[in-house]
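# Reading the structure
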Amino acid sequence: MVTLKKKILQLKKDKNAVILAHYYQEPEIQEIADYVGDSLGLSQEAEKVDATIILFAGVHFMAETAKILNPNKKVILPDVNAGCSLAESCPPDLFKKYIEAHPNHIVITYVNCSAEIKALSDIVCTSSNALKIVESVPKNTPIIFAPDKNLGRYIIQKTGRDMLLWDGSCIVHEAFSLDKLIALHKTHPDAKIIAHPESETHILETANYIGSTAGMIAFAKSDASHKYIVATEAGILYKMQQEVPHKILIPAPSQEDNTCACSECGYMKMNTLQKVYDCLLNETPEVTVSEEIRKKALIPIERMLELSK
């Protein structure tokens, strides 16, 4: 019997398709991907993809970014309803009014936003390069940072910049329980806490290391410790464990009483292996971006990619 994975791999070959997957995807999807990474890595990979079809195993804004960078390629998403709470927290009409109310500001937006928001921006950033992007702006130039207030606060604390922050956040990274985290650390006092900067300030204050998903993996590889409590979406543990098979990784506890007691993104988990197969077979749902929006959104993305070299 031909397995679903083998069918996907054959379809990928037949259709000259490439599968890009985020670290937060289910392990079985990561296993059949051509590239697994964080938002910056996926953006960089999307820019140089040599394929007719890009299947993006992630959420909608990620597939949009791939389409912005690859207008002549077909970009498909296993589940068109795989959205993002952070992206949804920044409606384009309200953000446009916010920008107009604060003229002469450079607008920096986190990649976790819609194509329309990117089109209103001067530069896009990811958690991997946000500090570098903000520091590239002259110190006397005022900045609007959107949509993640937690990442924005972290950047302000690190750089001393006075930025206007849009009031948006990621429900996954705001779900960590400080009380449970402290209790867990008491049980594992030899564990280092590593956290994503989308987390709330009180979580970041407990961390030994703060960084992007790729940064957290790199830290676990280079650091001498043998045990880590990981404060980001639990999907990262699959790839991280592959990179540090000899180390102990513990997901940071969520406030929610869910099955794994960790923090998971319901949107990321909407993609399944069956949906990946159906998506590739039927080449749908397709993600499209109007040419007017695409051209405007491309400028700040290209600025980010240039500054990230």
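Our subject is the structure that appears above.
Residues numbered from 1 in each chain as written. Predicted model: local features only at pLDDT ≥ 70, side-chain atom pairs only at ≥ 80, totals over all residues. Heavy atoms only, no water.

## A word on the overall build of the chain
The secondary structure content of the chain amounts to 15 helices and twelve strands. At 19 Å, the chain has a C-alpha radius of gyration in line with the 19 Å of a compact globule built from 309 residues. The principal-axis extent of the C-alpha atoms belonging to the chain is close to 50 × 50 × 35 Å. Sequence-distant contacts in the chain: of pairs separated by 6 or more residues, those separated by 24 or more amount to 63%. Within the structure as shown, the chain displays about 13400 Å² of accessible surface, and the carbon and sulfur contribution to it stands at 51%. (Helix = DSSP H or I, 4+ residues; strand = E, 2+ residues; numbered from the N terminus. Rg over C-alpha atoms; globule rule 2.2 N^0.38 Å. Contact = heavy atoms within 4.5 Å. Areas by Shrake-Rupley, 256 points an atom, 1.4 Å probe, with all protein chains shown as cover.)

## What to know about helix H6 (residues 92-101)
Phe95, Tyr98 and Ile99 are the residues of H6 that are buried. Viewed end-on, H6 has its buried residues packed into an arc of 100°, placing them on one side of the element. Opposite the buried face of H6, by more than 90 degrees, sit the exposed residues Lys97, Glu100 and Ala101. Those residues of H6 that are buried are in contact with strand S5 (106-110), helix H7 (115-119), strand S7 (143-146) and strand S8 (163-165). (Buried < 20%, exposed > 50% of the residue type's maximum accessible area, 1.4 Å probe, protein only. Arc of directions from axis to C-beta.)

## Some thoughts on the side chain of Lys118
Along the chain, Lys118 falls in helix H7. For the buried Lys118, which has no salt bridge, the nearest side chain bearing the opposite charge is Glu64, at an N-O separation of 5.3 Å. Reaching out from Lys118, the side chain makes a polar contact with the backbone oxygen of Cys113 at a distance of 2.6 Å. Not counting chain neighbours up to four residues away, the residues in contact with Lys118 comprise Phe61, Thr65, Ile68, Thr109, Val111, Cys113, Val124, Lys296, Ala297, Pro300 and Ile301. (Lys, Arg positive; Asp, Glu negative; His and termini not counted. Salt bridge = Lys/Arg side-chain N within 4 Å of Asp/Glu carboxyl O. Polar contact = N/O pair within 3.5 Å; in protein donor to acceptor, adjacent residues only side chain to side chain.)

Without other data, these values stay purely geometric and don't point to any function.
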